[in-house]
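The primary structure of each chain is shown beneath.
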Amino acid sequence: MERRKIIAGNWKMNMTPSEAVALIEKLKPLVATDSADVVFCVPAIDIIPAVEAVKGTNIGIGAENMYFEEKGAFTGEISPAMLTDAGVKYVIIGHSERREYFAETDETVNKKVLKAFEHGLTPIICCGESLTQREQGITIDWIRQQIKIAFLNVTAGQAKDAVIAYEPIWAIGTGKVATTEQAQEVCAAIRACIAEIYDDATAAAIRIQYGGSVSAASAPELFAQADIDGGLVGGASLKEDFGAIVNWQ
(Lines give C-alpha, C1' and ligand atoms only; values in the text may rest on other atoms or scores of the structure.)
Protein backbone atom coordinates (compact mmCIF):
# COMPACT_ATOMS: atom_id res chain seq x y z
CA MET A 1 0.00 0.00 0.00
CA GLU A 2 1.37 3.37 -1.02
CA ARG A 3 1.32 5.80 1.88
CA ARG A 4 0.61 9.43 1.03
CA LYS A 5 3.44 11.72 2.09
CA ILE A 6 2.69 14.36 4.73
CA ILE A 7 4.85 17.45 5.08
CA ALA A 8 4.09 19.69 8.04
CA GLY A 9 5.62 22.97 9.07
CA ASN A 10 6.04 23.58 12.79
CA TRP A 11 6.15 27.35 13.16
CA LYS A 12 6.97 27.17 16.89
CA MET A 13 6.69 30.58 18.64
CA ASN A 14 7.00 32.67 15.50
CA MET A 15 4.69 34.92 13.48
CA THR A 16 2.10 37.38 14.73
CA PRO A 17 -1.38 36.97 13.21
CA SER A 18 -0.70 39.55 10.48
CA GLU A 19 2.74 38.06 9.76
CA ALA A 20 1.15 34.59 9.57
CA VAL A 21 -1.32 35.70 6.89
CA ALA A 22 1.44 37.39 4.90
CA LEU A 23 3.60 34.24 5.04
CA ILE A 24 0.70 32.01 4.00
CA GLU A 25 -0.01 34.27 1.00
CA LYS A 26 3.64 33.98 -0.01
CA LEU A 27 3.79 30.19 0.48
CA LYS A 28 0.41 29.25 -1.05
CA PRO A 29 1.59 29.00 -4.68
CA LEU A 30 4.90 27.41 -3.63
CA VAL A 31 3.37 24.50 -1.71
CA ALA A 32 0.62 23.67 -4.20
CA THR A 33 0.77 19.92 -4.89
CA ASP A 34 -1.52 16.93 -5.36
CA SER A 35 1.10 14.41 -4.31
CA ALA A 36 1.33 15.09 -0.56
CA ASP A 37 -0.64 16.43 2.39
CA VAL A 38 0.63 19.87 3.40
CA VAL A 39 0.09 21.18 6.93
CA PHE A 40 1.02 24.43 8.66
CA CYS A 41 1.10 24.01 12.46
CA VAL A 42 0.82 27.55 13.78
CA PRO A 43 0.73 29.31 17.18
CA ALA A 44 -2.73 29.31 18.78
CA ILE A 45 -3.31 33.01 18.21
CA ASP A 46 -2.66 32.54 14.48
CA ILE A 47 -5.08 29.66 13.98
CA ILE A 48 -8.25 31.57 13.06
CA PRO A 49 -6.63 33.96 10.53
CA ALA A 50 -4.56 31.04 9.15
CA VAL A 51 -7.63 28.85 8.58
CA GLU A 52 -9.24 31.77 6.76
CA ALA A 53 -6.11 32.41 4.66
CA VAL A 54 -5.81 28.79 3.43
CA LYS A 55 -9.45 28.39 2.34
CA GLY A 56 -9.66 26.91 -1.14
CA THR A 57 -6.06 25.63 -1.04
CA ASN A 58 -4.41 22.27 -0.42
CA ILE A 59 -3.07 23.43 2.99
CA GLY A 60 -4.42 22.07 6.28
CA ILE A 61 -3.93 23.98 9.54
CA GLY A 62 -2.62 22.29 12.66
CA ALA A 63 -2.13 23.39 16.26
CA GLU A 64 1.17 23.08 18.10
CA ASN A 65 -0.38 21.76 21.31
CA MET A 66 -3.67 21.25 23.16
CA TYR A 67 -4.88 20.18 26.59
CA PHE A 68 -6.47 16.81 27.40
CA GLU A 69 -9.56 18.14 29.21
CA GLU A 70 -12.78 19.25 27.54
CA LYS A 71 -13.03 22.59 29.37
CA GLY A 72 -12.66 24.07 32.81
CA ALA A 73 -10.30 25.84 35.17
CA PHE A 74 -7.11 25.39 33.13
CA THR A 75 -6.00 28.98 32.60
CA GLY A 76 -4.02 29.48 29.41
CA GLU A 77 -4.83 26.08 27.88
CA ILE A 78 -6.73 25.30 24.67
CA SER A 79 -9.23 22.46 24.36
CA PRO A 80 -9.68 20.07 21.43
CA ALA A 81 -13.21 21.40 20.84
CA MET A 82 -11.79 24.92 20.47
CA LEU A 83 -9.41 23.62 17.81
CA THR A 84 -12.00 21.71 15.81
CA ASP A 85 -14.47 24.61 15.97
CA ALA A 86 -11.75 26.89 14.58
CA GLY A 87 -11.16 24.54 11.63
CA VAL A 88 -8.00 22.78 12.82
CA LYS A 89 -7.34 19.29 11.42
CA TYR A 90 -4.01 18.31 13.04
CA VAL A 91 -2.29 18.80 16.37
CA ILE A 92 1.36 18.29 17.32
CA ILE A 93 1.61 16.31 20.54
CA GLY A 94 4.69 15.77 22.70
CA HIS A 95 7.22 17.83 20.80
CA SER A 96 10.63 17.61 22.48
CA GLU A 97 10.45 21.32 23.33
CA ARG A 98 7.15 20.75 25.13
CA ARG A 99 8.72 17.85 27.03
CA GLU A 100 11.89 19.78 27.88
CA TYR A 101 10.51 23.23 28.75
CA PHE A 102 6.95 22.48 29.86
CA ALA A 103 7.34 19.19 31.71
CA GLU A 104 5.25 17.07 29.34
CA THR A 105 5.60 13.34 29.97
CA ASP A 106 4.84 10.16 28.05
CA GLU A 107 1.67 9.89 30.16
CA THR A 108 0.36 13.38 29.33
CA VAL A 109 1.21 12.74 25.68
CA ASN A 110 -0.97 9.62 25.81
CA LYS A 111 -3.87 11.57 27.37
CA LYS A 112 -3.63 14.18 24.63
CA VAL A 113 -3.46 11.54 21.88
CA LEU A 114 -6.64 9.86 23.16
CA LYS A 115 -8.43 13.20 23.42
CA ALA A 116 -7.34 14.24 19.92
CA PHE A 117 -8.83 11.05 18.43
CA GLU A 118 -12.01 11.56 20.44
CA HIS A 119 -12.46 14.89 18.66
CA GLY A 120 -11.46 13.77 15.15
CA LEU A 121 -8.11 15.56 15.21
CA THR A 122 -5.09 13.87 13.63
CA PRO A 123 -2.28 13.79 16.19
CA ILE A 124 1.30 14.29 15.03
CA ILE A 125 2.98 12.36 17.84
CA CYS A 126 6.61 13.33 18.42
CA CYS A 127 9.37 11.08 19.67
CA GLY A 128 13.15 11.43 19.72
CA GLU A 129 16.36 10.90 21.64
CA SER A 130 19.00 13.22 23.07
CA LEU A 131 22.65 13.14 22.03
CA THR A 132 23.56 11.35 25.28
CA GLN A 133 20.94 8.67 24.63
CA ARG A 134 22.23 8.13 21.11
CA GLU A 135 25.84 7.97 22.29
CA GLN A 136 24.87 5.42 24.95
CA GLY A 137 23.22 3.19 22.34
CA ILE A 138 19.70 3.34 23.80
CA THR A 139 17.98 5.23 20.96
CA ILE A 140 15.69 2.39 19.84
CA ASP A 141 14.80 1.37 23.42
CA TRP A 142 13.96 4.97 24.29
CA ILE A 143 11.83 5.55 21.18
CA ARG A 144 9.97 2.25 21.66
CA GLN A 145 9.07 3.31 25.19
CA GLN A 146 7.76 6.69 23.97
CA ILE A 147 5.68 5.00 21.26
CA LYS A 148 4.28 2.24 23.45
CA ILE A 149 3.07 4.69 26.10
CA ALA A 150 1.78 7.23 23.55
CA PHE A 151 -0.42 4.54 21.95
CA LEU A 152 -1.78 3.06 25.21
CA ASN A 153 -5.54 2.39 24.75
CA VAL A 154 -5.47 3.74 21.18
CA THR A 155 -7.38 1.38 18.87
CA ALA A 156 -5.87 -0.05 15.68
CA GLY A 157 -8.42 1.93 13.66
CA GLN A 158 -7.31 5.16 15.32
CA ALA A 159 -3.61 4.32 15.08
CA LYS A 160 -3.85 3.95 11.30
CA ASP A 161 -4.78 7.62 11.09
CA ALA A 162 -2.05 8.86 13.42
CA VAL A 163 1.14 10.53 12.26
CA ILE A 164 4.40 9.88 14.13
CA ALA A 165 7.24 12.39 13.88
CA TYR A 166 10.71 11.08 14.69
CA GLU A 167 12.93 13.99 15.65
CA PRO A 168 16.38 13.33 17.07
CA ILE A 169 16.62 16.14 19.63
CA TRP A 170 20.28 16.73 18.79
CA ALA A 171 19.29 17.60 15.20
CA ILE A 172 16.53 20.14 15.96
CA GLY A 173 17.56 23.66 15.00
CA THR A 174 21.25 22.73 15.16
CA GLY A 175 21.87 22.33 11.45
CA LYS A 176 22.91 18.74 12.21
CA VAL A 177 20.81 16.24 10.30
CA ALA A 178 20.68 12.57 11.15
CA THR A 179 22.18 10.62 8.28
CA THR A 180 19.61 9.12 5.94
CA GLU A 181 20.58 5.69 7.32
CA GLN A 182 20.08 6.81 10.93
CA ALA A 183 16.69 8.35 10.14
CA GLN A 184 15.49 5.30 8.19
CA GLU A 185 16.73 2.88 10.87
CA VAL A 186 14.69 4.58 13.62
CA CYS A 187 11.59 5.06 11.44
CA ALA A 188 11.73 1.35 10.53
CA ALA A 189 12.02 0.48 14.24
CA ILE A 190 8.97 2.67 14.99
CA ARG A 191 6.97 0.85 12.29
CA ALA A 192 8.08 -2.50 13.73
CA CYS A 193 6.97 -1.34 17.19
CA ILE A 194 3.51 -0.40 15.82
CA ALA A 195 3.30 -3.86 14.20
CA GLU A 196 4.03 -5.41 17.61
CA ILE A 197 1.37 -3.32 19.36
CA TYR A 198 -1.25 -3.86 16.62
CA ASP A 199 -0.53 -5.78 13.40
CA ASP A 200 1.26 -5.49 10.06
CA ALA A 201 -1.67 -3.75 8.36
CA THR A 202 -1.73 -0.96 10.95
CA ALA A 203 2.05 -0.59 10.73
CA ALA A 204 1.83 -0.39 6.93
CA ALA A 205 -0.83 2.33 7.10
CA ILE A 206 0.67 4.66 9.71
CA ARG A 207 2.68 7.62 8.44
CA ILE A 208 6.07 8.38 9.99
CA GLN A 209 7.80 11.70 9.44
CA TYR A 210 11.40 12.67 10.01
CA GLY A 211 12.10 16.03 11.61
CA GLY A 212 15.28 17.85 12.57
CA SER A 213 16.92 20.43 10.32
CA VAL A 214 15.10 19.19 7.20
CA SER A 215 16.06 21.33 4.20
CA ALA A 216 15.38 21.49 0.47
CA ALA A 217 18.76 19.74 0.02
CA SER A 218 18.15 16.85 2.45
CA ALA A 219 14.43 16.26 1.77
CA PRO A 220 14.60 14.22 -1.47
CA GLU A 221 16.93 11.55 -0.06
CA LEU A 222 15.11 11.38 3.28
CA PHE A 223 11.65 11.14 1.71
CA ALA A 224 12.81 8.40 -0.65
CA GLN A 225 13.40 6.01 2.27
CA ALA A 226 11.02 3.08 2.68
CA ASP A 227 9.78 4.08 6.13
CA ILE A 228 9.92 7.89 5.94
CA ASP A 229 6.60 9.37 4.84
CA GLY A 230 7.44 13.06 4.90
CA GLY A 231 8.78 15.61 7.33
CA LEU A 232 8.00 17.79 10.32
CA VAL A 233 9.88 20.92 9.33
CA GLY A 234 10.90 23.68 11.73
CA GLY A 235 12.90 26.71 10.61
CA ALA A 236 12.64 26.00 6.89
CA SER A 237 8.82 26.08 7.07
CA LEU A 238 8.98 29.84 7.66
CA LYS A 239 10.83 30.45 4.39
CA GLU A 240 10.23 30.02 0.69
CA ASP A 241 12.44 26.91 0.94
CA PHE A 242 9.39 25.12 2.29
CA GLY A 243 7.99 25.07 -1.24
CA ALA A 244 11.02 23.12 -2.45
CA ILE A 245 10.68 20.66 0.45
CA VAL A 246 6.98 20.06 -0.31
CA ASN A 247 7.77 19.59 -4.02
CA TRP A 248 10.87 17.46 -3.41
CA GLN A 249 10.31 15.10 -6.36
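Residues numbered from 1 in each chain as written. Predicted model: local features only at pLDDT ≥ 70, side-chain atom pairs only at ≥ 80, totals over all residues. Heavy atoms only, no water.

For helix H1 (residues 17-27), the complete set of buried residues consists of Ala 20, Leu 23, Ile 24 and Leu 27. Viewed along the axis of H1, the buried residues span an arc of 100 degrees, placing them on a single side of the element. As for H1, its buried residues are in contact with strand S2 (36-42), helix H2 (47-53) and helix H12 (241-246). (Buried < 20%, exposed > 50% of the residue type's maximum accessible area, 1.4 Å probe, protein only. Helix = DSSP H or I, 4+ residues; strand = E, 2+ residues; numbered from the N terminus. Arc of directions from axis to C-beta. Contact = heavy atoms within 4.5 Å.)

Along the chain, the position of Met 15 falls in the loop between strand S1 (5-10) and H1. Remark: the alpha-carbon pair of Met 15 and Ala 205, spanning 190 residues in sequence, is separated by 34 Å. The contacts of Met 15, once residues within four sequence positions are left out, are Ala 20, Leu 23, Pro 43, Asp 46 and Leu 238.

This part covers the packing of aromatic side chains. Taken as a whole, this structure holds 8 aromatic pairs when the rule is applied. With a centroid separation of 4.9 Å and 45 degrees between ring planes, the pair formed by Tyr 67 and Phe 74 is classed as tilted. Assessed through its relative accessible area of 32%, Phe 74 is described here as partly exposed. On the numbers, 6.3 Å between centres and 75 degrees between planes, the contact of Phe 151 with Tyr 198 is edge-to-face. Here Phe 151, found in the loop between helix H7 (139-150) and helix H8 (156-161), pairs with Tyr 198, found in the loop between helix H9 (180-197) and helix H10 (200-205); they are 47 residues apart in sequence, far enough to count as distant. For the pair Phe 151 and Tyr 198, one class covers both residues: buried. (Phe/Tyr/Trp six-rings, centres within 6.5 Å; stacked < 30°, edge-to-face > 60°.)

Counting buried positions along S1 yields 6 of 6 residues, so the element is predominantly enclosed. Here S1 shows two buried faces, one formed by Lys 5, Ile 7 and Gly 9 and the other by Ile 6, Ala 8 and Asn 10. Relative to S2, S1 is paired through 6 bridges, and the arrangement is parallel. Opposite Gly 9, over in S2, you have Phe 40 as the bridge partner. The β-α-β motif built from S1, the intervening H1 and the parallel element S2 has right-handed crossover chirality. Summarising the sheet, S1 and strand S8 (residues 230-233) pair through 4 bridges and their orientation is parallel. Looking at the pairing, Ile 7 lines up with Gly 231 of S8. (Pairing = 2+ DSSP bridges. Right-handed = clockwise from strand over helix to strand, strands pointing away.)

Next up on the list: the nonpolar core. The biggest cluster of nonpolar side chains holds 66 residues, and the ones touching the most others in it are Phe 40 and Phe 151. The greatest single-element share of this core, amounting to 6 residues, is contributed by H9. Sequence-distant contacts of Phe 151, defined by excluding residues within four places in its chain, comprise Asn 110, Ile 125, Ala 159, Ala 162, Ile 164, Ile 194, Ile 197, Tyr 198 and Ile 206. Among the nonpolar cores identified, the runner-up in size contains 11 residues, and Ile 124, Cys 126, Ala 165 and Leu 232 belong to it. (Core = buried A, V, L, I, M, F, W, Y, C linked by side-chain atoms within 4.5 Å.)

On to the packing of H7 against H9. Their axes nearest at 10 Å, the elements H7 and H9 cross at an angle of 45 degrees. Viewed along their axes, H7 and H9 adopt a mutual orientation that is oblique. Handedness of the crossing formed by H7 with H9: right-handed. On H9, the residues that touch Thr 139, Ile 140, Ile 143, Arg 144, Ile 147 and Lys 148 of H7 are Val 186, Ala 189, Ile 190, Cys 193, Ile 194, Glu 196 and Ile 197. (Axes fitted to C-alpha atoms, helices over the stretch in contact; angles between N-to-C directions. Parallel < 35°, antiparallel > 145°, perpendicular 65-115°, else oblique. Left-handed = near helix turned anticlockwise from the far one by under 90°.)

By themselves, these are just geometric observations and shouldn't be taken as functional.
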